[in-house]
Amino acid sequence: MKILILGGSGFVGSHLVRRLSREGHSITVISRYPNAAKHLEIVPRVRIRVFDPYDIDRLADALSGHDALINLVGILNESGRDGSGFRKAHVELVEIAVEACRKAGIARIVQMSALNAGQGESHYLRTRGEGEQRVRDSNLQWTIFRPSTIFGPDDSFLNRFAGLLTISPVLPLARPDAKFAPVYIGDVVDAFVRALDGREHAGEIYELCGAETWALRDIVEWIAEQRGMRRWIIGLPDALGRLQGRVFDFVPGKPFSSDNFKSLLIDSTCSEDGFARLDISPWPMSEKAPEWLGEGHQGRLGRFREGRRT
Ligand SMILES: NC(=O)c1ccc[n+]([C@@H]2O[C@H](COP(=O)([O-])OP(=O)(O)OC[C@H]3O[C@@H](n4cnc5c(N)ncnc54)[C@H](OP(=O)(O)O)[C@@H]3O)[C@@H](O)[C@H]2O)c1
């Protein structure tokens with residue numbers, strides 16, 4: 001197949017592009033920045049095109065001749081606080097992608113979303129739900145994926161906490177009892193490959209959860225243990241967690257935010273087993289992540305250089 005990917009330069013995209021290439025597909029990655037997808041240039045059958053994906057005419061033009069569009073664009077934080085950044089990335093771009101598919105005569109779209117899309121108070125989850133609705137309202141053959149948090153050697157979940165644990169012996173943690181079912185990047189990529197395979201996946205939403213459910217505090221303590229660090233994790237009551245979000249709203253790069261706090265009010269666990277419907281057995285994090293987690297940054301870098309990524 002010929003597949004165009006929006007957001008293909010990121011964590012999920014980089015794994016997916018390599019895997020689709022290995023399966024013999026031709027892939028076009030659209031990126032906003034000249035250097036963001038450079039690491040994918042050496043992957044066979046991959047073409048990088050740099051332009052603004054919000055330019056509908058250019059997108060429709062780029063789509064011409066493809067069989068499917070995969071939209072992986074998503075943000076965890078916006079530069080402002082009114083939700084307009086989330087809306088632009090999660091709703092407006094979906095509208096543009098759907099319209100560009102229509103213009104270019106592309107029938108198939110696969111939309112990456114998130115668990116709890118459309119629920120709760122956070123701009124992140126609300127706009128995720130609106131984006132899904134735009135896809136569902138289209139006349140395209142759509143498939144939607146809703147993963148819990150995704151882990152892998154180069155993720156920004158386990159690695160972010162590992163980084164924070166390195167900085168300080170004490171870690172104040174908002175929503176310590178929030179539940180996650182961390183899902184391995186290789187399993188997520190398998191799900192995408194399978195969904196592209198047949199028409200029976202059109203009109204389906206798949207929730208993707210790993211084989212284990214963890215409380216956030218347990219995850220952070222486990223990372224510290226894997227890294228051989230003795231750390232003190234202090235679970236914050238919600239009033240303080242909310243305050244932590246408000247303070248971090250003003251920290252450059254927003255390592256945490258009020259909106260993240262609101263998203264954490266709902267457990268990131270599945271209400272159905274999307275992997276079972278796709279005939280995939282997902283990895284438990286406790287078995288898969290130690291393959292690289294105990295190594296630290298240099299070890300991961302070495303593995304990356306040896307080309308042993310997913
Ligand atoms: N990672 C997880 O744990 C997780 C869990 C649930 C759902 N998801 C969803 O899965 C998707 C991929 O996640 P990821 O971890 O691979 O994210 P990522 O590494 O941040 O990559 C997202 C890509 O989207 C593009 N992008 C970012 N902001 C954009 C904007 N405002 N407008 C247009 N394009 C933008 C970027 O591409 P360029 O800079 O090259 O243009 C970036 O490479 C996202 O939709 C995310 O919400 C991820």
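Residues numbered from 1 in each chain as written. Predicted model: local features only at pLDDT ≥ 70, side-chain atom pairs only at ≥ 80, totals over all residues.

### Side note on the overall build of the protein chain
Stage number 1. A tally of helices and strands in the protein chain yields 13 helices and 13 strands.
Stage number 2. On the principal axes, the C-alpha backbone points of the protein chain span a range of 55 × 45 × 40 Å.
Stage number 3. Across the 310 residues that make up the protein chain, the buried fraction comes to 44%.
Stage number 4. Of the contacts made within the protein chain by residues no fewer than 6 positions apart, 74% connect residues no fewer than 24 positions apart. (Helix = DSSP H or I, 4+ residues; strand = E, 2+ residues; numbered from the N terminus. Buried ≥ 20, exposed ≤ 12 C-beta atoms within 10 Å, placed from the backbone. Contact = placed C-beta atoms within 7 Å.)

### A short note on the packing of helix H3 (residues 84-104) against helix H4 (residues 123-137)
Stage number 1. Relative to each other, H3 and H4 sit at 5 degrees, their axes nearing to 8 Å. Regarding the angle of H3 to H4, the classification is roughly parallel. Along the contact surface, H3 presents Phe86, Arg87, His90, Val91, Val94, Glu95 and Val98, while H4 presents His123, Tyr124, Thr127, Arg128, Glu130, Gly131, Arg134 and Val135. (Axes fitted to C-alpha atoms, helices over the stretch in contact; angles between N-to-C directions. Parallel < 35°, antiparallel > 145°, perpendicular 65-115°, else oblique.)

### Thoughts on helix H6 (residues 185-197)
In an α-helix, one turn spans 3.6 residues; hence positions three or four apart end up facing the same way.
Stage number 1. When the terminal C-alpha atoms of H6 are compared, their 19 Å separation across 13 residues agrees well with the 18 Å that a helix rising 1.5 Å per residue should span.
Stage number 2. When H6 is considered as a whole, its buried residues turn out to be Ile185, Asp187, Val188, Val189, Asp190, Ala191, Phe192 and Ala195. (Expected span 1.5 Å × (residues − 1).)

### Topic: the packing of helix H2 (residues 56-63) against H3
Stage number 1. Viewed as axis vectors pointing N to C, H2 and H3 meet at an angle of 50 degrees, and their least axial separation amounts to 8 Å. It follows from the interaxial angle that H2 and H3 lie oblique. Where H2 crosses over H3, the two elements pack in a sense that is right-handed. The residues of H3 that touch H2, namely those facing Ile56, Leu59, Ala60 and Leu63, are Ile96, Glu99, Ala100, Cys101, Lys103 and Ala104. (Left-handed = near helix turned anticlockwise from the far one by under 90°.)

### Details of the sheet that holds strand E11 (residues 204-208)
Stage number 1. Across the sheet, seven strands lie side by side as E3-E2-E1-E4-E5-E6-E11; this open sheet has parallel pairing. Bordering the open sheet on either side are strand E3 (46-50) and E11, each of which pairs with just one other strand. Strand after strand, the sheet turns through a mean of 20 degrees between neighbouring axes, direction not considered. (Pairing = 2+ DSSP bridges.)

### Some details on the site of the ligand
Stage number 1. The local shell around the ligand holds 24 residues, among which Gly7, Ser9, Gly10, Ser31 and Gly74 are the closest.
Stage number 2. Of all the secondary-structure elements, those providing two or more residues to the shell around the ligand are helix H1 (11-22) and H3. (Near = placed C-beta within 6 Å.)

### As for the confidence of the model for the protein chain
Stage number 1. Per-residue pLDDT for the protein chain averages 94, and the proportion of residues at 70 or more is 95%.
Stage number 2. With pLDDT under 50 throughout, residues 306-310 is counted as low confidence; its partners more than four residues away or in other chains account for eight contacts. (pLDDT = per-residue confidence, 0-100.)

### Here's the deal with the environment of Gly65
Stage number 1. Looking at where Gly65 falls in the secondary structure, it is placed in the loop between H2 and strand E4 (68-71).
Stage number 2. Between the alpha carbons of Gly65 and Lys2 there is a distance of 7.5 Å; along the sequence they are 63 residues apart.

### Points about the environment of Asp238
Stage number 1. Among the secondary structure elements, Asp238 is positioned in helix H8 (residues 238-248).
Stage number 2. Sequence separation between Asp238 and Arg277 is 39 residues; the distance between their C-alpha atoms is 36 Å.

### Observations regarding H2
Stage number 1. Residues of H2 that are buried include every one of Leu59, Ala62 and Leu63, and no others. Angularly, the buried residues of H2 cover 100 degrees about the axis, an arc narrow enough to put them on a single face.
Stage number 2. Buried residues along H2 sit in contact with strand E1 (2-6), strand E2 (26-31), E3, E4 and H3.
Stage number 3. Of the residues flanking the end of H2, it is Gly65, one or two places downstream, whose phi is positive at about 90 degrees. (Arc of directions from axis to C-beta.)

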